[in-house]
Every structure is written in structure tokens, then in C-alpha cells.
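So the chains spell out like this:
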Amino acid sequence: MYLYNSIYLCSCKNKTESSVAIPAALRGTKLTLPDLYFCSRCLVLRCNDCCIIETVAKYCVNCMTDYSDSPGTTRCIKNCFECVKCSSPLAITALDVGKGKQFTFNCGYCDYSYETEVITEPIPLLKHLRAKADPRFSRLCEKYSHRDSTTLTAQMEQKLQQMSLSANTENKKQFHLNRLGSNPQSLLPPLPTGKHLVAKRSYSCPGCNTKLLDPVADPRLMKYLTKELALDILPLLVAKVGPEELELEGDTQCYLSVINALPSNAKITISTVEKIPSTFNKTETELSVSLPVTSFAVSSRREKMGILESLPTQFLTDATAESRAEKLTRSVTKGGRYSANYEANGLEKGANWATVPFSYSATEDLDCDILPWLPFYVTIETRMPASMNRALTSSGNGLKLGFWALVPVEK
Ligand SMILES: [Zn+2]
Ligand SMILES: [Zn+2]
Ligand SMILES: [Zn+2]
Ligand SMILES: [Zn+2]
């Protein structure tokens, strides 16, 4: 969803912790708010890169067999198979042939299919397939048969030697790929493989070991014992370019909205640097941002809030009657139902959000169709949420956080 496009800098990437210079890491990171955790002991953002990850459970999604106590097993050993080409599940059909059975594997997604020979003894399919061939060999043949080169490279020779394909140096020199490719008998058909297992993992803070995401081990349950998501704490930032008539003297008018996720009112400050290099703003030129309102309050998020109510006005569309009605209400209401109103400085206050105007200008000509990404340093000051263990934090009753975000200006 477009509301979650802004990039937030995890504490592990923000080495300098500067609030006045853009951290270089903001250029390479791609994490949006839903990708991040928030440690309520350390009061910092955490991501998959910095968390301690442990496997809670390992299982097959097809037959739901629990493999948690089988270290090293990565594929299902029951009758669950996946396509070697595209990893989709394979449908298996059995055909009676004389006293035996012949099995056919068909991929529901691509053209892959595999037929076993007639099997006369009761034997698990996987065991039969394993006995047929070393799957590594067929994969290797498949890979090399597509090469144009007719001779083996040193690396390929080495690999084949490792797999004891070429017993001695003499034979190896005569082993040409065109022979391999032209003789289908020498190619084993790629065999179906057991379904890859999936894992449930827990994520813990590297600073204090607190579990930030802790799923219940039971594969049948999609429940979490702990879920410390950044989404529930940090405000969401969204920027939108203003209507065209607002473009004045090379300055592009925009709006920045801050949406509060917490059940308490918050004080927000916003700043950015004087000149934003093109490497950060993703355009071809350096940009300057004018931010007339840098400090304001945002109301708390209430439980059971309507979706439209929690959307900043710039993001309401004319697509539905409800959205059009909401837009109209906001344009006429002054301190009414949604207490959505405008202050003299241009700030618009909504249910659990506030929107401030800002503008940017380019030092060189900038194509109007190219919208920049802009870095902002944001601080939020609020009451300590009840969900956080206050005894363990040093900041008393208040919660104060600062973070960098790279916000795309949306059309
Ligand atoms: Zn991190
Ligand atoms: Zn299975
Ligand atoms: Zn397939
Ligand atoms: Zn921590």
C-alpha cells in the first residue's frame, strides 16, 4: 500500500546517530515501517539484519509434519514433492500396470512432468526416487547442457571430478559437452524433489535479548506470543505533491502527513538538511526544502477508528461515495466531527494525523514528472505506552524517540 512506502533507518545502520547530517546508510536501506521491530527496552528500531534469529519450528506446509526435532532436514520425507523447475507442488497420479504401479508427477504451474518406471514392491516414492539417481548429477547435467561451450572449463572439470564423474585425467580430457548434450541417454531426467520445509522463526533484540517477534511453535496456529512491531509505535510519514495550481516560482508545493499509531497524543518535530544531494533524493539534481512548520501536535489513535477518518485529506480520493463525502465534510467542518481544521500556518489537524505544507526546489531544472525522495529527521514525544515495561526503561513516564526516514513524494 502506498502509505507504507517511506524508508525508515534501523538503529543498526545509523552509526553516527546524527540528527543534523543525513546518515549515509539511508541511501542503501530499503526497510519500510512494516519491516521493522521496536525494542521497548532499548527504545530503538530493530530489523532482520540486527536481530538474533532462532528457529521455533520447522514443518512441511503440505502434510503439516513437524520436523523441528530433525536437525539438517530441509525437505519433507513423506509423499510431498515439488517441481524441480519452479518449486510448485506436484500432483501425483498412479496407473496400474500389470502387477505394479507407475506414478506420474505433474506440475500444476509449468510443463514439468516425470514418470517413474513400473514399481512392483511397496516402497515409499521418495526412497524409490533417491535410489534412481543422485539428484545433484541431474541438476548438473541440466545446467551444463544449456551451455554453448563445447569444452569443459577448469571449474566445471573440477566440479565433475569432485562428483567422481571423470575417474582419471585421460577420460576427462575427452569429455566434451556436445556429446553430453546430443545423447539424451546420458542425461538423467530431473527427478521430483521433496517439498522444502518452512520454518517459524523468532527475532530477539541484540541489545537486551527481548523477544520482538515470537510465533507459537504449533504449525497449525498463526499466532504470536510477542509482536513488538515498529508499526505500532512510530508514526507513519507520507508526502504528496500539491495540486498543480500551487506550483510557484520553481517551488513545488507538497504536503507531509504524520499519522500517529499510539493511543496517546504526541508532539512531533520535523527537520531536514539545507541541501539534499541527488544521491539521497533520487533525482539528478540537488534539492532544497522549505519546511515552514517544524513542530506540532498529533492526536492519539483511537480504537475502532474508521479507515477514512484516519486518512490525511490529500489521500482521500473521489473513487467512492464515502470518500467523496468525507472530503466534503472536512472542507466544511471547522472543529466539528473530525476536528479536522486548518491553522494559520497551514497545518491541518485530523483524527490521529496532522499535515504540514512544505515545498522543494531544484538548483538545476528538474523534470516535473520526476518526484523526489526526501530525508526527514523526526522526533516523537509522548506518554510511555502501557504496553511498554516502564520499570525497565530509564526515561520515566515519557517516551522520546528520534529517527531518520526517507519519504517519497507521491503524485
Ligand atoms: Zn537493524
Ligand atoms: Zn510433507
Ligand atoms: Zn513447475
Ligand atoms: Zn533491546
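Provided above is the structure to which this section pertains.
Quick caveat, the model's predicted, so the values are computed rather than measured. (Residues numbered from 1 in each chain as written. Chains lettered and ligands numbered in written order. Predicted model: local features only at pLDDT ≥ 70, side-chain atom pairs only at ≥ 80, totals over all residues. Heavy atoms only, no water.)

Draft legend 1. Structural detail: the overall build of the protein. The number of helices and strands found in the protein is 7 helices and 23 strands. Buried residues in the protein amount to 42% of all 411 residues. In the form shown here, the protein has an accessible surface area of approximately 22,800 Å², with 50% of it arising from carbon and sulfur atoms. (Helix = DSSP H or I, 4+ residues; strand = E, 2+ residues; numbered from the N terminus. Buried < 20%, exposed > 50% of the residue type's maximum accessible area, 1.4 Å probe, protein only. Areas by Shrake-Rupley, 256 points an atom, 1.4 Å probe, with all protein chains shown as cover.)

Draft legend 2. Here's a closer look at helix H1 (residues 125-132). Buried within H1 are the following residues: Leu-125, Leu-126, His-128 and Leu-129. Buried residues of H1, viewed axially, fall in a sector of 160°; they line one side. With respect to the buried face of H1, the exposed residues turned more than 90 degrees away are Lys-127, Arg-130 and Ala-131. Lining the buried residues of H1 we find strand E5 (81-82), strand E6 (90-97), strand E7 (100-107), strand E8 (113-115) and strand E9 (193-194). (Arc of directions from axis to C-beta. Contact = heavy atoms within 4.5 Å.)

Draft legend 3. Expanded view of the coordination of the zinc ion (ligand 3). Donor atoms from the polypeptide that coordinate the zinc ion (ligand 3) comprise Cys-83 (SG), Cys-86 (SG), Cys-107 (SG) and Cys-110 (SG), at 2.2 to 2.3 Å from the metal. One way to put it: the 4 donor atoms around the zinc ion (ligand 3) meet at angles of 101 to 118°, and that makes the site tetrahedral. Given a relative accessible area of 1%, Cys-83 falls into the buried group. Judged by its relative accessible area of 26%, Cys-86 is partly exposed. (Donors = N, O, S within 2.8 Å, 3.2 Å for Na, K, Ca; no water. Tetrahedral: all angles 85-135°; square planar, octahedral: opposite > 155°, others 65-115°.)

Draft legend 4. Representation of the coordination of the zinc ion (ligand 2) within the structure. Within the first shell, the zinc ion (ligand 2) binds the protein through Cys-60 (SG), Cys-63 (SG), Cys-76 (SG) and Cys-80 (SG), at distances of 2.3 Å. In this structure, the zinc ion (ligand 2) is surrounded by 4 donor atoms whose angles at the metal cover 106 to 111°, and the resulting shape is tetrahedral. Donor residues binding the zinc ion (ligand 2) come from one chain and are separated in sequence as C-x2-C-x12-C-x3-C. Here Cys-60 falls in the buried class, since its relative accessible area comes to 0%.

Draft legend 5. Local environment of the environment of Thr-116. Structurally, Thr-116 can be placed in the loop between E8 and H1. As a C-alpha pair, Thr-116 and Phe-105 span 11 residues in sequence and 8.4 Å in three-dimensional space.

Draft legend 6. Region of interest: the sheet that holds E6. Here 3 strands make up an open sheet; going across it, the order is E6-E7-E8 and the pairing antiparallel. The open sheet is flanked by E6 and E8, the only strands paired with a single partner. When the angles between neighbouring strand axes are averaged without regard to direction, this sheet yields 15°. When E7 meets E8, the two strands line up antiparallel, connected through 3 bridges. Note that in E8 the partner of Phe-105 across the bridge is Tyr-114. In the packing of H1 onto the sheet, contacts are made with E6, E7 and E8, and the angle to E7 comes to roughly 85°. (Pairing = 2+ DSSP bridges. Axes fitted to C-alpha atoms, helices over the stretch in contact; angles between N-to-C directions.)

Draft legend 7. Seen up close, the pairing of strand E21 (residues 353-362). Across the 10 residues of E21, 8 count as buried, placing the element largely inside the fold. For strand E14 (residues 252-259) and E21, the ladder comprises 8 bridges, and the chain directions are antiparallel. When the sheet's bridge partners are listed, Thr-252 is paired in E21 with Tyr-360. Sheet analysis places strand E17 (residues 287-290) next to E21, joined by 4 bridges and oriented antiparallel. Bridge pairing in E21 links Ser-288 to Ser-361. The turn joining strand E20 (residues 348-349) and E21, which pair antiparallel and follow one another in sequence, is formed by 3 residues.

Draft legend 8. Inspection of a nonpolar patch on the surface at higher detail. Nonpolar side chains collect at one region of the surface, where Leu-95, Val-97 and Val-118 lie side by side and expose about 220 Å² of accessible area between them. Mapped onto the elements, Val-118 comes out in the loop between E8 and H1. A relative accessible area of 37% means that Val-118 is categorised as partly exposed. (Patch = residues over 30% accessible without salt bridge, like charges linked within 9 Å, V, L, I, M, F, W, Y side chains within 5 Å. Salt bridge = Lys/Arg side-chain N within 4 Å of Asp/Glu carboxyl O.)

Draft legend 9. Representation of the pattern of salt bridges. Applying the stated rule across the entire model yields 11 salt bridges. Across the pair Lys-267 and Glu-381 runs a salt bridge, and its minimum N-O distance is 3.9 Å. Taken together, the residues span a long stretch of sequence, with Lys-267 in strand E15 (residues 266-271) and Glu-381 in strand E22 (residues 373-383) at a distance of 114 residues. For Lys-267, a relative accessible area of 47% gives the class partly exposed. Ionic pairing is found between Lys-327 and Asp-318, a salt bridge with its closest N-O pair at 3.2 Å. Within this structure, Arg-75, Glu-82 and Lys-195 form a network of salt bridges that share partners.

Draft legend 10. Spatial organisation of the pairing of E6. As defined by bridge partners, E6 adjoins E7 across 8 bridges and the pair is classed as antiparallel. When the bridges of E7 are listed, Thr-93 appears paired with Thr-104. If you look at the hairpin formed by E6 and E7, you'll find 2 residues sitting between the two strands, and Gly-98 has a positive phi there, around 55°.

Draft legend 11. Broad picture of the sheet that holds strand E12 (residues 224-227). Strand order in the open sheet formed by 4 strands is E4-E10-E11-E12, with antiparallel pairing between adjacent strands. With one partner strand each, in any of the chains shown, strand E4 (52-59) and E12 form the two edges of the open sheet. Between one strand axis and the next, the sheet turns by 25° as a mean value, whatever way the strands run. As paired strands, strand E10 (residues 198-204) and strand E11 (residues 211-215) are joined by 2 bridges and run antiparallel to one another. From the neighbouring strand, Tyr-203 faces E11, where its bridge partner is Leu-213.

Don't take any of this as a statement about function, it's just geometry.
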